[in-house]
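In case you want the letters, here they are:
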Amino acid sequence: LFDTNSYDGGAVVLHALRLTIGDDAFFEGLTQWVSTNNGTSRTTEDFVAFAEKVSGVPLADFFDTWLYADSPPGRFPTAP
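Residues numbered from 1 in each chain as written. Predicted model: local features only at pLDDT ≥ 70, side-chain atom pairs only at ≥ 80, totals over all residues. Heavy atoms only, no water.

Draft legend 1. Fine view of the packing of aromatic side chains. Counting across every chain of the model gives six aromatic pairs. Ring geometry for F47 against F63: centres 6.5 Å apart, planes inclined by 85°, an arrangement best described as edge-to-face. Placement of the pair is F47 in helix 3 (residues 44–55) and F63 in helix 4 (residues 60–68), with a sequence separation of 16 residues. (Phe/Tyr/Trp six-rings, centres within 6.5 Å; stacked < 30°, edge-to-face > 60°. Helix = DSSP H or I, 4+ residues; strand = E, 2+ residues; numbered from the N terminus.)

So this is what it looks like as structure tokens:
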């Protein structure tokens, strides 16, 4: 519960997502996510579906690698 992944892991995944989908889609997506979901609870699956919708690209492989894997990959993706 209190290991490094619990605190730093989310930031690493978000940074990798930003590099994968680009700044415009990333920041527009976060703005929409917060305004749409303010004060509510959402699941990881909700965020994954939303990220795919906002970016317009399938992200299943990305999230399998960066979120659901036992350990993160050794390198960040390259920016589009």
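Draft legend 2. Here's a closer look at the nonpolar core. In terms of nonpolar packing, the biggest core is built from 15 residues, with L17, I21, F47, A51, L59, F62 and F63 touching the most fellow members. Contributing elements (two or more residues each) for this core: helix 1 (4–21), helix 2 (23–37), helix 3 and helix 4. (Core = buried A, V, L, I, M, F, W, Y, C linked by side-chain atoms within 4.5 Å. Buried < 20%, exposed > 50% of the residue type's maximum accessible area, 1.4 Å probe, protein only.)

Draft legend 3. Expanded view of the packing of helix 2 against helix 3. Between helix 2 and helix 3, the least distance of the axes is 10 Å, while the angle of their chain directions is 130°. The pairing of helix 2 with helix 3 is recorded here as oblique in orientation. Relative to helix 3, helix 2 is oriented so that their crossing is right-handed. Within the contact between the two elements, helix 2 uses A25, G29, Q32 and W33 and helix 3 uses D46, F47, F50, V54 and S55. Class assignment for the residues of the contact of helix 2 with helix 3 results in five nonpolar, three polar and one charged. (Axes fitted to C-alpha atoms, helices over the stretch in contact; angles between N-to-C directions. Parallel < 35°, antiparallel > 145°, perpendicular 65-115°, else oblique. Left-handed = near helix turned anticlockwise from the far one by under 90°. Contact = heavy atoms within 4.5 Å. Nonpolar A, V, L, I, M, F, W, Y, C, P; charged D, E, K, R; others polar.)

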